[in-house]
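Architecture at a glance
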Amino acid sequence: MRAGGGAARGALALALLRRCLLLGPLGLRAAGAQDGDGCGHTLLTPHSGTLSSKNYPGTYPNHTACRWRLRAPPGTSLLLTFGDVDLEPSEHCASSSLLLADPQAGTTYGPYCKNAVPAAPLLVTNSSTVTVLFNSTSHRSGRGLLLSYATSQHPDLVSCLVRGTHYTQEHISVYCPAGCKDIDGDIWGNLNQGYRDTSVLCKAAVHAGVIADELGGQVTLSREKGITLYESAFANGLHSKRGSLSEKRLIFHKACDDALEVATFNASSWWHEVDALGQDRAWVAERAALSTAGHSWAAEPSSEGAWLDLDLGTRRNVTGIITKGSSEQYDYYVTSYRVSSSRDGKNWRPYRGSGGQEDKVFEGNTDSHGEVSNAFIPPIVARYVRITPQSWHQRMALKVALVGCQLARARAPRPYVPSVPEEVPVPTSCPASHTPIPGVALDPEKAGSTLLVMLLIGGFVLLCSCLLLLAFLCHRKRKPAAELSCGITKGYPKLESSPVCSLQSLPPPSSTLASFPTAVAPEDLSQTHSPEYAEPDLVQLSPGSQTGPSTFKPLLDEGYTLPLVMSHYDVPGKYHEYAEPLPPEPEYATPFSEPEPGGTRSIMGLPGVPPVRYDAPTPRPGEGEPHPWGLSGRTDRTASIPSPEGSHVQLGDCPLSHVYHEAL
C-alpha cells in the first residue's frame, strides 16, 4: 500500500510538472511571472514577494490553475514561507493541490493540500528558480493558499499573516516580504501611539512607513506595555482601526523621523475670499503650515496646475510628508497629489518611488480636518519640495509638514601618509617628557616613588590632625565640669571641699534646729541619695546637729540656674527643682516627754520601755512671755488613752507625758 501510494503521488507530481512545462515560458523578467486563471493577489520582486490564489481568503474557484515562476538574483537561493494552505482534502491531493518544482534540477516539493500540509512553515531550497503550480477541480470549501518568498540573505523571513501576539520576546527583528499591504488583516493604532499587538505585523509596518509595500524590508520593533485606547489613522494608503486596551503594543523603530522647519512657503496662486458680510480673507501660501490655526492655503479657483513650494533653507533628508485640509469650518481638501524636489529651485525632479518607472501619486485626505501621512522610500534629498494637487474636494486647500533629518556629511577618506604627522603625538608606554607643572619638578623615572611618599606623608598628617582635634574636643568637654566646683554633676551632691563653698567655711546660723531621732552620717550621703535628683551642697548647721541635704533653692551665684519649663508636663520629675523657703508663720514644736521624779514607768503598763524625749526649739526673743503655768512657754496637756483592759489612762497622771508647745 505504501509503495502504491508513493507511486501514485509520484505520477501525480510528474503530471503536474508536465502541465507546468506545457504552459510555456513566462517571460524574461528576473523577478518572475504568473500565468493562469486561478491567480490571486501577486507581487513578485527580485528579493521578495507574495502570491495567493484567486478570491483568497474566500473560497477559490473550481477548475482553475495558476503558475508562478520565482527567480532570485544569481548566487542566491530561495526561501519560501507558507502563510496559509487550505485546499479541500482528497486522496493524494487529487482534487486540489499545490506543487513546487525546480525544472532545471527536476526536484519537486508536494503536492500539498489540507490533509497533506508542509512539514515546516519555512522551506529552504538550493535553487534560485522555483515554479509554483496551483490546480483545482470540483470542490466545496477551502480558502486557497498564501505564499511568500525571499532570498537566502533573509533567513528571518515571515509571512504576511504573522501578528504581534505570535512573539513573546520584547525586541523583534524580522524580514517582511513585499506585497503584504493588500493581504486581508486588521491593524489598530498609529505610528505615534503604537499598534495593538493583535495587529498584522508586516501590514502595520507598511502603515507606519517603516517599509514600502513594493519592496518589503527588515523591520525592527519592540513589544511594550499596552495603552487604553488606540486611535485610527490613514497613512501610506492604509486605514487603521480604533482599538481598545491590549496587554502589549508594537512600537516600530524608525530613524530620521523629525519634523523639519520650513523657511518659506511659495505658491503659484492664492485665493482672495470675500464672504457674504463683505469681509476679506486671504488664503495665502504662509497659511499652509500644518501648525497654523484657522484656514489654510488655497489656490485661485480658475488656476490650473497649481502648486505649493516649501523651502527648507538647506538640503535635508526628507523621509515623509503630512497633509491636512482647510479646517473644520471649510470642507476643502486635496485627495491626491504628486511630489517633486529640487536642489536649486529651478530644476525639478518628480518623485517616482522605488519602482522608478512612473511618477508616484500619493493618496491624500478624505476629510478637511484629519491628518494623512505618506513615507518617501527611498527618501528625498533636496532643499525645495513642491506639491502638485491632482484631485481635490470643492477647492485646492492644503496644510502640509515634512519629516526627516539633517544630511549625514560623509567624510572624505584621508590620503595615505607613510610617516606620522608631527602634530599627532605617538602614544607610548612611558612618556618621552614630563609635563611641566608650576612649582613642581618631577623626574619621570622617579615619579612613581615620589608619588607614593607624598601620599604617605599626606596620610600621616591627616591622621595626626584627627587625633589632635579629638583630644581638643575631649578637653573642651571636661573643662566646664572642672570649673563648676560648687555646681551639680550628674545629679550627685558635690562633697569636695573648696575655699569658696566648703561646709566648714559657711557661717553657722543664728538659730539651731532640733536634731531628729535618726541621723545619717555625712559619709553615706553619696550612697543614699538617688542619682535621679540633683542635690545641693551639704550645710553644717551646728557641731551637734545632723548634716543633710537642703531642699531650699541655692543662690544664683552658686552655679544654680532655673530649669526651662515649657509646659505643665515638664515638671515634676524631668528637671531638678528646689523648694522655696516657707514664709514666717507660727511654728509648732515637736512633742517631747520628761521623766517624773518618781521613777521610770512604762506606757500602758508595759515595762522595759525607756523614756523618749523630744526637744522643742526655744521661743523667739521678744515674743515669749511668762506662761501662767510657769512652764516657760510650755503647756502640759493631758489626754486619755484607752488601755487594753478597757480603762482610760490620763496622760497627765503618767510619768511620761506629751507636752505641746503653744503657737508663738
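This text gives an overview of the structure that appears in the document. In this text, all values refer to a predicted model and were calculated from it rather than measured experimentally. (Residues numbered from 1 in each chain as written. Predicted model: local features only at pLDDT ≥ 70, side-chain atom pairs only at ≥ 80, totals over all residues. Heavy atoms only, no water.)

Pairing within the open sheet is antiparallel, and its five strands lie in the order 11-14-17-13-12. With partners counted over all chains shown, the strands left at the sheet margins are strand 11 (171–176) and strand 12 (189–190), one partner each. Relative to strand 14 (residues 217–225), strand 11 runs antiparallel, the two sharing six bridges. Counterpart to Cys-176 in the pairing with strand 14 is Gly-217. On top of the sheet, helix 2 (residues 201–208) reaches strand 11, strand 12, strand 13 (194–196), strand 14 and strand 17 (248–252); it is set at about 50° to strand 17, its chief contact. (Pairing = 2+ DSSP bridges. Helix = DSSP H or I, 4+ residues; strand = E, 2+ residues; numbered from the N terminus. Contact = heavy atoms within 4.5 Å. Axes fitted to C-alpha atoms, helices over the stretch in contact; angles between N-to-C directions.)

Looking now at helix 2. The buried fraction of helix 2 amounts to eight of the eight residues, a majority that puts the element mostly inside the structure. Two residues or fewer past helix 2, Gly-209 is found with a positive phi of approximately 80°. (Buried < 20%, exposed > 50% of the residue type's maximum accessible area, 1.4 Å probe, protein only.)

This part takes up the packing of aromatic side chains. What the rule picks out here adds up to twelve aromatic pairs. Their ring planes at 75° and their centres at 5.5 Å tell us that Phe-362 and Phe-376 sit as a pair that is edge-to-face. Highlighted residues: Phe-362 in strand 26 (residues 362–363) and Phe-376 in strand 27 (residues 371–393), separated in sequence by 14 residues. What makes Phe-362 buried here is its relative accessible area of 2%. A residue is classified by how much of its surface remains accessible, and Phe-376, at 2% relative accessible area, is buried. Aromatic rings pair up to connect Trp-271, Trp-283, Tyr-330 and Tyr-332 into one cluster. One Lys or Arg, Arg-386, reaches over the ring of Trp-348 and ends 4.1 Å from the middle of that ring. Over the ring of Trp-271 we find Arg-395; its NZ or CZ atom is 3.7 Å from the centre of that ring. (Phe/Tyr/Trp six-rings, centres within 6.5 Å; stacked < 30°, edge-to-face > 60°. Lys NZ or Arg CZ within 6 Å of the ring centre and 35° of its normal.)

Attention now moves to the state of the cysteines. If you walk through the whole model with that rule in mind, you get five disulfides. Bridging Cys-176 to Cys-202, the disulfide has an S-S length of 2.2 Å. Because the torsion about its S-S bond is -85°, the bridge between Cys-176 and Cys-202 counts as left-handed. With Cys-176 in strand 11 and Cys-202 in helix 2, this pair connects stretches of sequence that are 26 residues apart. Of the residues examined, Cys-176 reaches a relative accessible area of 0% and is grouped as buried. (Disulfide = S-S within 2.5 Å.)

Before going further, it helps to examine the pattern of salt bridges. If charged atoms from side chains of opposite charge come close, those side chains can pair. Per the counting criterion, the structure on display carries eleven salt bridges. Lys-114 is the salt-bridge partner of Asp-86, the closest N and O atoms lying 3.6 Å from each other. Within this pair, whereas Asp-86 is found in strand 5 (residues 78–86), its partner Lys-114 is found in the loop between strand 7 (107–112) and strand 8 (122–124), the two being separated by 28 residues in sequence. Between Glu-231 and Arg-242 there is a salt bridge whose closest N-O contact spans 3.4 Å. Remark: Arg-242 occurs in the loop between strand 16 (238–239) and strand 17 and Glu-231 occurs in the loop between strand 14 and strand 15 (234–235); sequence separation between them is eleven residues. Classification of Glu-231 as partly exposed rests on a relative accessible area of 33%. With relative accessibility at 55%, the residue Arg-242 sits in the exposed group. (Salt bridge = Lys/Arg side-chain N within 4 Å of Asp/Glu carboxyl O.)

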